Amino acid sequence: MKKQFTNYTEYMSDKLTPRKLVSTPYIQRETNSPRNKTNECIWQNPELIQKAKTYLLETTDYYQFCDACMGTQDEITMNT
């Protein structure tokens with residue numbers, strides 16, 4: 001399994017310029033009930049996990065792009 005974005009923030013930290021406008025501190029607002037992943041069927045069923053991954057890769061450009069790049073010499077965080 002690919003470990004996506006494990007050191008991306010660190011890699012990009014010296015490449016991006018700081019924000020010009022500093023926003024107010026984030027305040028988390030709970031809108032949904034807390035999740036318990038052990039009760040969610042997908043996490044207990046490897047077949048469902050694979051189906052979800054396959055669906056995302058077939059229908060979402062973002063996942064297709066990441067899958068094509070992750071683990072190759074083109075991955076920007078590979079050599080950091």
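Residues numbered from 1 in each chain as written. Predicted model: local features only at pLDDT ≥ 70, side-chain atom pairs only at ≥ 80, totals over all residues. Heavy atoms only, no water.

Moving on to the environment of Ala-68. Relative to the assigned elements, Ala-68 resides in helix H4 (residues 61-69). The spacing of Ala-68 and Leu-57 is 11 residues in sequence and 9.9 Å in space, taken between C-alpha atoms. (Helix = DSSP H or I, 4+ residues; strand = E, 2+ residues; numbered from the N terminus.)

With that out of the way, let us pick up a nonpolar patch on the surface. A cluster of nonpolar residues, Tyr-55, Leu-56, Leu-57, Tyr-62 and Tyr-63, forms a patch on the protein surface that exposes about 470 Å² of accessible area. Looking at the nonpolar patch, the elements with two or more residues in it are helix H3 (46-59) and H4. Broken down by element, the residue count for the nonpolar patch peaks at 3 residues, all from H3. (Patch = residues over 30% accessible without salt bridge, like charges linked within 9 Å, V, L, I, M, F, W, Y side chains within 5 Å. Areas by Shrake-Rupley, 256 points an atom, 1.4 Å probe, with all protein chains shown as cover. Salt bridge = Lys/Arg side-chain N within 4 Å of Asp/Glu carboxyl O.)

Applying the stated criterion across every chain, the model contains 2 salt bridges. For Asp-14, the salt bridge is made with Lys-15, and the minimal N-O distance between the two is 3.4 Å. Note that Glu-47 and Lys-51 form a salt bridge whose closest N and O atoms lie 3.7 Å from each other. Here Glu-47 and its partner Lys-51 are both found in helix H3, 4 residues apart, which amounts to about one turn of the helix.

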